[in-house]
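Spelled out from the first residue to the last, the chains are:
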Amino acid sequence: MAKQVREGRPRSVHAWVAYELGTRIVSGAYAPGEYIPNEATIGQELNVSRTALREAFKILTAKGLIESRPKLGTRVRPKDCWNMFDSEVLKWSFESTPSPEFLRSLFEVREIIEPNSAAIAAKRATPEQIAEIEKAYYAMEEAQVGTEDVILTDIDFHMAILRATNNEFMMSLGQSIKTALMGLFRISSAEESGFVASLPGHKAVFQGIRDGDADRARFEMKSLLSKSVHRALDTLGDSGVDIAV
């Protein structure tokens with residue numbers, strides 16, 4: 001029987017094993033190119049059956065984290081093979097204390113997607129979609145600092161903008177990075193001052209979209225991202241990483 005699972009952890013044995021090994025991989029405990037301990041060793045350590053272990057290996061293989069090599073064992077694949085848009089890989093990365101470089105990469109992806117999405121939304125959003133963005137913004141204003149509502153309303157705001165592009169690829173990509181956004185918002189909004197300070201920027205983005213001003217919407221979203229990344233890095237105690245936004 002597997003070790004007792006902490007609250008919020010996967011309940012099935014093989015999912016729990018995948019979580020344990022996955023977090024070790026993304027945290028660097030098992031480095032890319034390194035062979036992980038054999039089934040007998042890991043099975044004994046985690047007190048699980050070979051069947052559960054092999055099911056966990058299938059999960060990690062599907063996410064691009066590991067590969068099995070005949071007669072050699074199982075090794076961690078290079079990072080460029082990892083499916084970084086996988087929700088569990090992203091979740092494990094945040095639970096393993098993300099590095100400043102990891103945050104930089106995520107913000108660079110956001111810089112590519114979100115300012116342009118805001119500009120497209122300013123051109124294409126329907127009245128109903130603009131009302132949805134407005135509702136999401138004012139829900140942010142009403143969110144009680146220190147509660148989960150701070151994170152959820154922020155997510156709703158950004159997802160509403162992606163939907164307002166009326167571009168199916170943008171909307172799908174938004175769902176893929178939703179987990180990443182939740183992790184980022186937990187860091188950048190960790191302190192009351194950070195969340196409150198972000199509200200004017202969110203409002204400016206909404207106003208640009210509402211007014212059909214694509215250039216303003218793009219500019220305000222880029223400015224919002226720039227401030228957000230620096231708050232996140234300050235929270236981690238590292239503001240020396242070169243950020244493109």
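What this report covers is the structure whose coordinates are included nearby. (Residues numbered from 1 in each chain as written. Predicted model: local features only at pLDDT ≥ 70, side-chain atom pairs only at ≥ 80, totals over all residues. Heavy atoms only, no water.)

1. Considerations on the overall build of the protein chain
Phase 1 of the analysis: From N to C terminus, the protein chain includes eleven helices and two strands.
Phase 2 of the analysis: Put simply, the protein chain runs from its N terminus to its C terminus through helices and strands in the order α-α-α-β-β-α-α-α-α-α-α-α-α.
Phase 3 of the analysis: Here the protein chain holds 245 residues, and 46% of them are scored as buried.
Phase 4 of the analysis: Pairs at least 24 apart in sequence give 68% of the contacts found in the protein chain among residues at least 6 apart.
Phase 5 of the analysis: Roughly 12,500 Å² of accessible area belongs to the protein chain as shown, and the carbon and sulfur atoms make up 50% of that amount. (Helix = DSSP H or I, 4+ residues; strand = E, 2+ residues; numbered from the N terminus. Buried < 20%, exposed > 50% of the residue type's maximum accessible area, 1.4 Å probe, protein only. Contact = heavy atoms within 4.5 Å. Areas by Shrake-Rupley, 256 points an atom, 1.4 Å probe, with all protein chains shown as cover.)

2. Things to note about the pairing of strand 2 (residues 73–76)
Consecutive residues of a regular strand have side chains that alternate between opposite faces of the sheet.
Phase 1 of the analysis: When strand 1 (residues 66–69) meets strand 2, the two strands line up antiparallel, connected through four bridges. If you follow Ser68 over to strand 2, its bridge partner there is Thr74.
Phase 2 of the analysis: Hairpin geometry of strand 1 and strand 2 is characterised by an intervening segment of three residues between the two adjacent antiparallel strands and by a positive phi of about 70° at Lys71. (Pairing = 2+ DSSP bridges.)

3. Some points on the packing of aromatic side chains
Phase 1 of the analysis: Per the counting criterion, the structure on display carries two aromatic pairs.
Phase 2 of the analysis: Ring centres 5.5 Å apart and planes at 80° place the aromatic pair Phe94 and Phe102 in the edge-to-face group.
Phase 3 of the analysis: In this structure Phe94 comes out as buried when scored by relative accessible area, which is 16%.
Phase 4 of the analysis: Relative to Tyr138, the ring of Tyr137 lies with its centre 5.1 Å away and its plane at 70°, an arrangement referred to as edge-to-face. (Phe/Tyr/Trp six-rings, centres within 6.5 Å; stacked < 30°, edge-to-face > 60°.)

4. A closer look at the nonpolar core
Phase 1 of the analysis: Counting 46 residues, the largest nonpolar core has Leu103, Ile133, Phe157, Ile161, Val205 and Ile209 as the members making the most contacts within it.
Phase 2 of the analysis: Secondary structure elements with two or more residues in this core: helix 4 (87–95), helix 5 (100–124), helix 6 (127–142), helix 7 (149–163), helix 9 (178–188), helix 10 (192–210) and helix 11 (214–236).
Phase 3 of the analysis: No other element matches helix 5, which puts nine residues into this core.
Phase 4 of the analysis: Residues in contact with Ile161, not counting those within four places in the same chain, are Ser117, Ala118, Ala121, Ile133, Val205, Ile209 and Met221. (Core = buried A, V, L, I, M, F, W, Y, C linked by side-chain atoms within 4.5 Å.)

5. Looking at the layout of surface pockets
Phase 1 of the analysis: If you add up the space inside the largest pocket, you get close to 480 Å³.
Phase 2 of the analysis: Together, 21 residues line the largest pocket, and Lys79, Trp82, Met84, Ser93 and Phe102 are the ones closest to its centre.
Phase 3 of the analysis: Contributions of two or more residues to the lining of the largest pocket are made by helix 1 (13–27), helix 4 and helix 5.
Phase 4 of the analysis: The calculated volume of the second largest pocket comes to roughly 180 Å³.
Phase 5 of the analysis: Taken together, eleven residues form the lining of the second largest pocket, with Phe94, Glu95, Met182, Gly183 and Arg186 sitting closest to its centre. (1 Å grid on protein atoms, 1.4 Å probe; cavity = no way out; pocket = protein on both sides within 12 Å on 5 of 7 lines; lining within 4 Å. Points joined across faces, edges and corners; volume = space filled by probe spheres on them.)

6. Some details on helix 5
Think of an α-helix as 3.6 residues a turn; residues three or four steps apart then line up on the same face.
Phase 1 of the analysis: Under the 1.5 Å per step criterion, the end-to-end length of helix 5 is 35 Å for 25 residues, consistent within 8% with the ideal 36 Å.
Phase 2 of the analysis: Of all the bends in helix 5, the greatest reaches close to 30° and is centred on Glu111; the proline Pro115 follows between one and four positions later. (Expected span 1.5 Å × (residues − 1). Bend = angle between axes of the 7 residues up to and from the residue.)

7. Quick notes on the packing of helix 7 against helix 8 (residues 168–176)
Phase 1 of the analysis: Remark: helix 7 packs on helix 8, axes separated minimally by 8 Å, with the N-to-C direction vectors making an angle of 155°. In terms of orientation, helix 7 and helix 8 fall into the roughly antiparallel class. Across from Met159, Leu162 and Arg163 in helix 7, the residues of helix 8 making contact are Met170, Met171, Gly174 and Gln175.
Phase 2 of the analysis: Grouping the constituent residues of the contact of helix 7 with helix 8 by class yields four nonpolar, two polar and one charged. (Axes fitted to C-alpha atoms, helices over the stretch in contact; angles between N-to-C directions. Parallel < 35°, antiparallel > 145°, perpendicular 65-115°, else oblique. Nonpolar A, V, L, I, M, F, W, Y, C, P; charged D, E, K, R; others polar.)

8. A word on the pattern of salt bridges
Phase 1 of the analysis: Inspection of every chain in the model, using the stated rule, returns 14 salt bridges.
Phase 2 of the analysis: Across the salt bridge formed by Arg24 and Glu45, the nearest N and O atoms sit 2.7 Å from each other. With a gap of 21 residues between them, Arg24 in helix 1 and Glu45 in helix 2 (residues 39–46) connect regions that are remote in the sequence.
Phase 3 of the analysis: Assessed through its relative accessible area of 17%, Arg24 is described here as buried. (Salt bridge = Lys/Arg side-chain N within 4 Å of Asp/Glu carboxyl O.)

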